[in-house]
Amino acid sequence: TKKGYYSTYDIGYGDGFFRFDAKSGFKIGKDRFIIGKVSMDNMSINKKSKEICLIKDANFWAKKFNTIPYEILVKLNPTLTRSVV
């Protein structure tokens, strides 16, 4: 295990995010990685932040999971906070 900060967030495949295992880390931003398995209720990321942007570009996730961007967005639980920037 590398030294650094790791945070756990209350979002998982129960919230409509895809279930997958990022054994060696899955890059989601400039210096952010999902670490380990995305579980039903949470996931871990290698940064110390109260909030995180998981889906900056739905096309990125659509390519990862061999689907279309629409499916990425509509699968998410409607109670999750969304910000369009």
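Residues numbered from 1 in each chain as written. Predicted model: local features only at pLDDT ≥ 70, side-chain atom pairs only at ≥ 80, totals over all residues. Heavy atoms only, no water.

Considering the arrangement of structural elements, one finds Ser 7 in strand β1 (residues 7-9). Since its relative accessible area comes to 13%, Ser 7 is described here as buried. For the pair Ser 7 and Ile 55, spaced 48 residues apart in sequence, the C-alpha to C-alpha distance is 17 Å. Among all residues touching Ser 7, those that are not within four sequence positions of it are Met 43, Ser 44, Ile 45, Lys 47, Lys 48 and Ser 49. (Helix = DSSP H or I, 4+ residues; strand = E, 2+ residues; numbered from the N terminus. Buried < 20%, exposed > 50% of the residue type's maximum accessible area, 1.4 Å probe, protein only. Contact = heavy atoms within 4.5 Å.)

With that settled, consider the pattern of salt bridges. Evaluation of the coordinates by the stated rule reveals 1 salt bridge. A salt bridge links Asp 31 to Lys 47, with the shortest nitrogen-to-oxygen separation between them at 3.2 Å. Of this pair, Asp 31 sits in the loop between β2 (21-27) and β3 (33-37) while Lys 47 sits in the loop between β4 (43-45) and α1 (58-64), and the two are 16 residues apart along the sequence. Relative accessible area serves as the criterion here: at 38%, Asp 31 is assigned to the partly exposed category. (Salt bridge = Lys/Arg side-chain N within 4 Å of Asp/Glu carboxyl O.)

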